[in-house]
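Residue-level structure breakdown
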Amino acid sequence: MQLKPEEISKVIRSQIKYYDNAIRQDETGTVLMVGDGIARASGLVNCMAGELLEFENGSFGMAQNLEETSVSIVIFGSDEEIGEGQTVKRTGKVVSVPVGGAMIGRVVNALGQPIDGAGPIVTDEFRPIESPAPGICDRQPVKEPLQTGIKAIDSMIPIGRGQRELIIGDRQTGKTTIAMDTIINQKNENMICIYVAIGQKRSTVASMVETLQKNGAMDYTIVVAATASESSPLQYIAPYTGCAMGEYFMNQGKHVLIIYDDLSKHAVAYRALSLLIRRPPGREAYPGDVFYLHSRLLERAAKLDEAHGGGSLTALPIIETQAGDISAYIPTNVISITDGQIFLETELFHSGVMPAVNPGISVSRVGGNALIKAMKKVAGTLKLIYSQYRELQSFAQFGSDLDADTKARLEQGARIVEVLKQSQNAPVPVEKQVAILYAVTKGILAGVETEDVKEYEKGLYTHLDMDAEGMAVMQKIRSTGALDADTEEKLKTVLEGYTEGFLNTRPKD
């Protein structure tokens, strides 16, 4: 075969014409030292704070301290295969996690990777874990109630969509149980729930996921887990990961509930990370920006105005106290950021009052705005009666000779305590809460013995589901949220009729 010079020149010309002179430039650095999940690298001159960096072995880290000659990098995962002298490469983007509807029903780690063994998550949308909170003009006041299904909370410490309500108490007082019950109660409320587990045992997280599955709650829930066995950097970014996933849905006009369990361990993880990268320690060895750590996270909870879709992100952070000390550093920080707190007391828990909510120091700064009208009417005096009962109870134990009024108040208070007790994973619909609280505050339960209240309540709920008039009243309260004079009269009739029937079945003395 004879090659002609003109054909060769034609091929060369075409090659020159379509030659793509693209120079690919990667900024790389060199690892100077590595240890304790921290690497220090030089040569990354244009590196950004919070930027995602890639190591030679394919693992990733996040740039934290940008110093004059080096960058401190926190490593996501193990640092075993990373060594001195290896190269580290800039990615040009900040730490981002996958978001979207495909995440619902899954258990993921702090980087958004599935850890539930149910296959890969297919989503092409990513969102930075850190993003600015919505501005003042983008928000609207918190006025829509978020029903937890827990009588003590929905009546006295109401939570609204877009609020940040702190759950605080010692270990083993039922903080996580309140969070779980709130998620379970959102079943038909068109709410997406995100549960962020920080520094917990893997067995605990597994049992929580099992509880959610058993109650059908995983259909609308995402679980983000950074367990105790994982490194501090992963525990540090976990709540921001959950928040980024929630913001995606909020910006679509949907309602989201996010639970951070718990921020005490989050602060401890951040303290360990900060001390390792040689940041100056402050009070209790926490770094100076530990307040900003939580404020920039919790400020992202909001109720957006209609121009921005009207979505909401409600945050329930959990804080663990030591011996009930709410004036410690991290508890006071978070109390000052949130819109109220639900305080759980060890003494109440041990005396069998569950949930062990102390209504004296528990408060919701949104107040009656987050209550439906029916609940506002019924529970308006409840907190006052309860608080008076607690005072009288401590006073009455010193004197045996009590007047009739004091005795009546103590008996009513004891019935209120019984009514507010609730079993685990058994949330109560708001209309049934209105019914039982109306009965106890209006004196309809006056003839029922305190030890019979639990049985009375159980029977009442069944009666309201079976009785035609009771069903009509419940439907009216559920649909309108109000308790007008006519509905109130019907409710009173139903309750008095049931109470009379209940008392007739009691054995006479």
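What you are looking at is a predicted structure, and each value in this text was computed from that prediction instead of being measured.

1. Overview of the packing of aromatic side chains
- Scanning all chains against the criterion turns up 7 aromatic pairs.
- Look at Tyr248 and Phe249: their rings are 5.2 Å apart centre to centre, the planes differ by 75 degrees, and that puts the pair in the edge-to-face class. For the residue pair Tyr248 and Phe249, the accessibility class agrees, reading buried in each case.
- Centre to centre, the rings of Tyr498 and Phe502 are 6.1 Å apart; their planes meet at 35 degrees, and the pair counts as tilted.

2. Here's the deal with the pairing of strand 5 (residues 71–76)
- Among the 6 residues in strand 5, 6 count as buried, and that is most of the element.
- One ladder, built from 4 bridges, connects strand 2 (residues 38–42) with strand 5; its direction is antiparallel. Within the sheet, the bridge partner assigned to Ala39 lies in strand 5 and is Ile73.
- Sheet analysis places strand 4 (residues 60–66) next to strand 5, joined by 5 bridges and oriented antiparallel. Residue pairing in the sheet places Met62 in a bridge with Val74 of strand 5.
- Counting the residues that bridge the hairpin from strand 4 to strand 5 gives 4 residues.

3. As for a nonpolar patch on the surface
- A cluster of nonpolar side chains, Ile8, Ile12 and Ile16, forms an exposed patch at the surface whose accessible area comes to about 290 Å².
- Mapped onto the fold, Ile12 is located in helix 1 (residues 5–17).
- On the accessibility criterion, Ile12 (46% relative accessible area) is partly exposed.

4. What about the packing of helix 12 (residues 404–420) against helix 14 (residues 453–466)?
- Across the interface, helix 12 lies against helix 14 with an axial gap of 9 Å and an inter-helix angle of 55 degrees. Relative to helix 14, the element helix 12 is oriented oblique. Handedness of the helix 12/helix 14 crossing: right-handed. Across the interface between the two elements, Arg415, Glu418 and Val419 of helix 12 pack against Val453, Lys454 and Glu457 of helix 14.
- Split into classes, the residues belonging to the contact of helix 12 with helix 14 amount to 2 nonpolar, no polar and 4 charged.

About the criteria used
- Residues numbered from 1 in each chain as written.
- Predicted model: local features only at pLDDT ≥ 70, side-chain atom pairs only at ≥ 80, totals over all residues.
- Heavy atoms only, no water.
- Phe/Tyr/Trp six-rings, centres within 6.5 Å; stacked < 30°, edge-to-face > 60°.
- Buried < 20%, exposed > 50% of the residue type's maximum accessible area, 1.4 Å probe, protein only.
- Helix = DSSP H or I, 4+ residues; strand = E, 2+ residues; numbered from the N terminus.
- Pairing = 2+ DSSP bridges.
- Patch = residues over 30% accessible without salt bridge, like charges linked within 9 Å, V, L, I, M, F, W, Y side chains within 5 Å.
- Areas by Shrake-Rupley, 256 points an atom, 1.4 Å probe, with all protein chains shown as cover.
- Salt bridge = Lys/Arg side-chain N within 4 Å of Asp/Glu carboxyl O.
- Axes fitted to C-alpha atoms, helices over the stretch in contact; angles between N-to-C directions.
- Parallel < 35°, antiparallel > 145°, perpendicular 65-115°, else oblique.
- Left-handed = near helix turned anticlockwise from the far one by under 90°.
- Contact = heavy atoms within 4.5 Å.
- Nonpolar A, V, L, I, M, F, W, Y, C, P; charged D, E, K, R; others polar.

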